[in-house]
Amino acid sequence: MKKSTVTLIVLVILGTIVLTQSAFTVDQTEKAIVIQLGRPVGERALGPGLHFKLPLVQNVVYFDARILDFDAKPEEITTTDKKYMNVDSYSKWRIVDPLTFYTKVRTIQGAQARLDDIVRSQLRVALGRYTLIEVVSHKRQEIMDAVSSRSRELLEPYGIEVIDVRIKRTDLPAENARAIFGRMKAERERQAKQYRSEGREASAKIIATADKERAIILADAAKQAEIIRGEGDAQATKVYADALGRSPEFYAFTRSLEAYRKGFGKNARFILTPKSPFLKYMQ
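The rules behind the values
- Residues numbered from 1 in each chain as written.
- Predicted model: local features only at pLDDT ≥ 70, side-chain atom pairs only at ≥ 80, totals over all residues.
- Heavy atoms only, no water.
- UniProt positions renumbered as here; feature names shortened; annotations may be inferred.
- Axes fitted to C-alpha atoms, helices over the stretch in contact; angles between N-to-C directions.
- Helix = DSSP H or I, 4+ residues; strand = E, 2+ residues; numbered from the N terminus.
- Parallel < 35°, antiparallel > 145°, perpendicular 65-115°, else oblique.
- Left-handed = near helix turned anticlockwise from the far one by under 90°.
- Contact = heavy atoms within 4.5 Å.
- Nonpolar A, V, L, I, M, F, W, Y, C, P; charged D, E, K, R; others polar.
- Patch = residues over 30% accessible without salt bridge, like charges linked within 9 Å, V, L, I, M, F, W, Y side chains within 5 Å.
- Areas by Shrake-Rupley, 256 points an atom, 1.4 Å probe, with all protein chains shown as cover.
- Salt bridge = Lys/Arg side-chain N within 4 Å of Asp/Glu carboxyl O.
- Buried < 20%, exposed > 50% of the residue type's maximum accessible area, 1.4 Å probe, protein only.
- Expected span 1.5 Å × (residues − 1).

- An unreviewed UniProt entry lists the protein chain under the name Protein HflC, with Pseudodesulfovibrio cashew as the source organism.
- Its UniProt record gives the protein chain the following Function (unreviewed entry) comment, quoted word for word: "HflC and HflK could regulate a protease."
- Looking at the Subcellular location (unreviewed entry) heading of the UniProt record, one finds this comment for the protein chain: "Membrane".

Structure, rendered in structure tokens:
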């Protein structure tokens, strides 16, 4: 083999190695910066595509260009009405300036630590301005907007953009929950006693009203019965009087028969003389 051929082969191999060590690609979801002796090279990050660097001297650091999540640990926060609650929050963020990001925080872990400090402090400040009822009800959106805006301002110098901060869950500490449960139970028992007392009072009123109406109805009925009985007796007396006026003898006869029917009952005994008026119509 000729010497020139060997040299060409060696050059091709060296060129391939140099090209392999120099060329690199950046994915569509990433950004990259070239580092030389620990310092970034250039004034801007590299976008998706094919790029080159000096072999053995420079290396490439890749950063995720997508929106990232940071789930913070729950933290106990005090509201303005001195109530304690455990707040579980999360943040949406992304790297917008890789050069600044690398210079200030270096890694994702460093960025999350700084994000955790700032978001926690802003949550404490924001939630400390409102009462517990406001935090868990109608002021939630206002609080989250304020925390997101302020965190975005504070993290911008680190090449980080905070897109949104949200509260996933708010819980009362165990001691507070037990105390609140105790107060709720006592309040419900108080209301139950009040309802029972009002029910007994209403029941007594209803019974008294019913007894009064019953007495009035019975009195009216007795009065009406006496009136009807009196009218009947008067009518009967009139009938008897009319009958006596028309035929006194027949009236005396019928009255005697009625007396016989009532008097001559079972086992009846009489001591009478034959000339007794009672036996007038028996003779």
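### Regarding the packing of helix H3 (residues 108–127) against helix H5 (residues 140–155)
- It is the contact of H3 with H5, at a shortest axis distance of 9 Å, that shows an interaxial angle of 140°. Regarding the angle of H3 to H5, the classification is oblique. Classified by chirality, the crossing of H5 by H3 is right-handed. Touching Arg 114, Leu 115, Ile 118, Val 119, Gln 122, Leu 123, Ala 126 and Leu 127 of H3 are Ile 143, Met 144, Val 147, Arg 150, Ser 151, Leu 154 and Leu 155, all from H5.
- Along the lines of polarity and charge, the residues of the contact of H3 with H5 split into 11 nonpolar, 2 polar and 2 charged.

### Some remarks on a nonpolar patch on the surface
- Residues Leu 54, Leu 56 and Val 57 make up a contiguous nonpolar surface patch of roughly 330 Å² in combined accessible area.
- With respect to the helices and strands, Leu 56 occurs in the loop between strand S4 (49–52) and strand S5 (58–64).
- Residue classification places Leu 56 among the exposed positions, given a relative accessible area of 82%.

### Some details on H3
- Taking 1.5 Å per residue, 20 residues should reach 28 Å; H3 reaches 27 Å between its end C-alpha atoms and fits that length.
- If you check which residues of H3 are buried, you get Ala 111, Leu 115, Asp 116, Ile 118, Val 119, Arg 120, Gln 122, Leu 123, Ala 126 and Leu 127.

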